Amino acid sequence: MLPSLIIFGVTCLAMIAGILFLPKLRIGRITIDTYWPITVIGAALMVMFGNTGLSDVATALTADTSVNPIKILVLFISMTFISIFLDSTGFFEYLAYVVLRRARSSGLRLFIYLYMIVSVLTVFTSNDIIILSFTPFICYFAKSAKIDPMPYLMAEFVAANTWSMALVIGNPTNIYLATAFGIDFISYLRVMILPTLAAGLVAPALLIALMRNRLAHGMNGVCTPVVIKDKPMMYVALAHLAVCTVALACGSYVGLEMWLVALACALSLITVSLIIYAVRRQRASDVGHSLARVPWQLIPFVLSMFTMIVVLSDSGVTLYASSLLSGMPGVAGYGVSSFLAANVINNIPMSVLYSSIIGNADAVSLLPDVYAAIIGSNIGAYLTPIGALAGIMFSSLLASQGMKFGYRDFLKMGVTIAVPTICTALLVLSIEL
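Residues numbered from 1 in each chain as written. Predicted model: local features only at pLDDT ≥ 70, side-chain atom pairs only at ≥ 80, totals over all residues. Heavy atoms only, no water.

Draft legend 1. Geometry of the environment of Leu312. The topology assignment puts Leu312 in helix H14 (residues 298-315). Sequence separation of Leu312 and Ala242 is 70 residues, and the distance between their C-alpha atoms is 40 Å. The contacts of Leu312, once residues within four sequence positions are left out, are Ser4, Leu5, Phe8, Met46, Val317, Thr318 and Leu353. (Helix = DSSP H or I, 4+ residues; strand = E, 2+ residues; numbered from the N terminus. Contact = heavy atoms within 4.5 Å.)

Next up, the structure:
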């Protein structure tokens, strides 16, 4: 147990150090994020020095179960591609422009409108896509309008990582934990809609109180108008997103697995788009650019983390952790501990770890613990920049715009916003269940 635990701990520390001090590594013309090669090396060392062989890891990775990480990755990558393709048509940027224009000169009205549109879009796409799409636009808009961008960037980030709890497809952590315990689309929605709604109302109220002085300043500049780049392709992408969401909701009733539904919709979108571009005699550049923007680095990252959890589980670590958490109040214990753990090892590996810990728990019903961990994995994203992939991308995007939002800024937002928000969500969940 000890060698595996030491290697896992060192890997997590190295990953955090990489995110904070060396987020990207340039090798010739290629630039890669450093967090995933670190986890690949850590996984290889754990297999080498642990009690789990390569054949056992291969069996776990290819098992025909709902918790198979490859199926979950296919589901997330497929949904991400559909959202990115929709973004490439200018859809998200245009919606943001319309909302910001309607706010006129009121900083508070702008904040509320932006929070609302990000919340709605996050529910049907994913938090990562919203962060990628809206962050640069808000920076450009704030510069043109001559306003402080931070209240609106925080509104975007908090909304994206709160309302991502509403549907199972809103965050890869939702997908992993829900799938691991056989929670279907509708069952998930029934339970999570109230905690999400409660958290989604508390968070903006706290943000407005925190940012009231900055929001008092109106807009002095003019934002450049935004138009849809390709309306026909936008409608095609919107139709695929709508069909995919409905099919995911209904799939469990007819025996369709979510990953197959998402993959079919993504492949259909690619096929239909290529046909349209061929008829137009145009290069299918949007398809290529969208595929290039997909976070492919998640594949080695998730597979490596899954491998490390398999080794920890075989070493008895997850069983020991489960016995420790069993002495704590269920919803509060798993909710708070997952919230904190996400900011030590990132929320995706935390979800993989907690699926094993909860699975070893001795309880009449494990579902309250699962939902509590899901809440922790989402709201934990705005405690520190390490808490989620969205936080890492957010910091990187701001740095590329010449803005700094570091560990201390995240922690300030986390203490004042995330802590009350997760307490509210867990309280509603405990009452509900």
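Moving on from the model shown.
Draft legend 2. Molecular detail of the packing of aromatic side chains. Within the structure shown, the criterion is met by nine aromatic pairs. With a centroid separation of 6.5 Å and an interplanar angle of 50°, the aromatic rings of Phe92 and Phe134 are classed as tilted. With Phe92 in helix H5 (residues 91-102) and Phe134 in helix H7 (residues 127-145), this pair connects stretches of sequence that are 42 residues apart. Ring geometry for Phe157 against Phe394: centres 4.6 Å apart, planes inclined by 35°, an arrangement best described as tilted. Of this pair, Phe157 sits in helix H8 (residues 150-162) while Phe394 sits in helix H19 (residues 389-400), and the two are 237 residues apart along the sequence. Grouping residues by exposure puts Phe157 and Phe394 together as buried. Ring pairs connect the aromatic residues Phe91, Phe92 and Phe134, which therefore count as one cluster. (Phe/Tyr/Trp six-rings, centres within 6.5 Å; stacked < 30°, edge-to-face > 60°. Buried < 20%, exposed > 50% of the residue type's maximum accessible area, 1.4 Å probe, protein only.)

Draft legend 3. Seen up close, unusual backbone geometry. Backbone geometry places Arg281, a non-glycine residue, at a positive phi of 60°. Along the chain, Arg281 turns up in the loop between helix H12 (258-280) and helix H13 (285-293). With a relative accessible area of 80%, Arg281 lands in the exposed category. Backbone geometry places Asn346, a non-glycine residue, at a positive phi of 80°. Along the chain, the position of Asn346 falls in the loop between helix H16 (330-345) and helix H17 (347-359).

Draft legend 4. Fine view of H14. Taking 1.5 Å as the rise per residue, H14 with 18 residues should run 26 Å; its terminal C-alpha atoms sit 25 Å apart, in good agreement. Counting buried residues in H14 gives 13 out of 18 residues, a clear majority hidden from the surface. Downstream of H14 by a residue or two, Gly316 has a phi angle that is positive, lying close to 90°. (Expected span 1.5 Å × (residues − 1).)

Draft legend 5. Broad picture of the pairing of strand E1 (residues 24-27). Here E1 pairs with strand E2 (residues 30-33) via four bridges, running antiparallel. Within E2, the position partnered with Leu25 by the bridge is Ile32. Between E1 and the antiparallel strand that follows it, E2, lie two residues; Gly28 among them carries a positive phi value of about 65°. (Pairing = 2+ DSSP bridges.)

Draft legend 6. Expanded view of the state of the cysteines. Applying the stated rule across the entire model yields zero disulfides. With no disulfide of its own, Cys250 lies closest to Cys244 among cysteine sulfurs, the gap being 12 Å. (Disulfide = S-S within 2.5 Å.)

Draft legend 7. Focus on the side chain of Thr196. You can see Thr196 is positioned in helix H10 (residues 185-215). Judged by its relative accessible area of 0%, Thr196 is buried. Among the polar contacts made by the side chain of Thr196, one reaches the main-chain carbonyl oxygen of Met192 at a distance of 2.7 Å. (Polar contact = N/O pair within 3.5 Å; in protein donor to acceptor, adjacent residues only side chain to side chain.)

Draft legend 8. Molecular detail of the packing of helix H18 (residues 367-379) against helix H20 (residues 407-432). Packing of H18 against H20 leaves a shortest axis separation of 10 Å and a crossing angle of 160°. The orientation of H18 relative to H20 falls into the category roughly antiparallel. The handedness of the crossing between H18 and H20 comes out as right-handed. Residues Pro368, Tyr371, Ala372, Ile375, Gly376 and Ile379 of H18 touch H20, and the partners they reach there are Ala418, Thr421, Ile422, Ala425, Leu426 and Leu429. Its residues assigned to classes, the contact of H18 with H20 shows 10 nonpolar, two polar and no charged. (Axes fitted to C-alpha atoms, helices over the stretch in contact; angles between N-to-C directions. Parallel < 35°, antiparallel > 145°, perpendicular 65-115°, else oblique. Left-handed = near helix turned anticlockwise from the far one by under 90°. Nonpolar A, V, L, I, M, F, W, Y, C, P; charged D, E, K, R; others polar.)

Draft legend 9. Fine view of a nonpolar patch on the surface. Together, Leu20, Phe21, Leu22, Leu25, Ile27, Tyr407, Leu411 and Val415 make up an exposed nonpolar region whose accessible area comes to about 760 Å². For the nonpolar patch, the secondary-structure elements that each account for two or more residues are helix H1 (2-21), E1 and H20. If one sorts the elements of the nonpolar patch by residue count, H20 sits on top with three residues. You can see Phe21 is positioned in helix H1. Assessed through its relative accessible area of 68%, Phe21 is described here as exposed. (Patch = residues over 30% accessible without salt bridge, like charges linked within 9 Å, V, L, I, M, F, W, Y side chains within 5 Å. Areas by Shrake-Rupley, 256 points an atom, 1.4 Å probe, with all protein chains shown as cover. Salt bridge = Lys/Arg side-chain N within 4 Å of Asp/Glu carboxyl O.)

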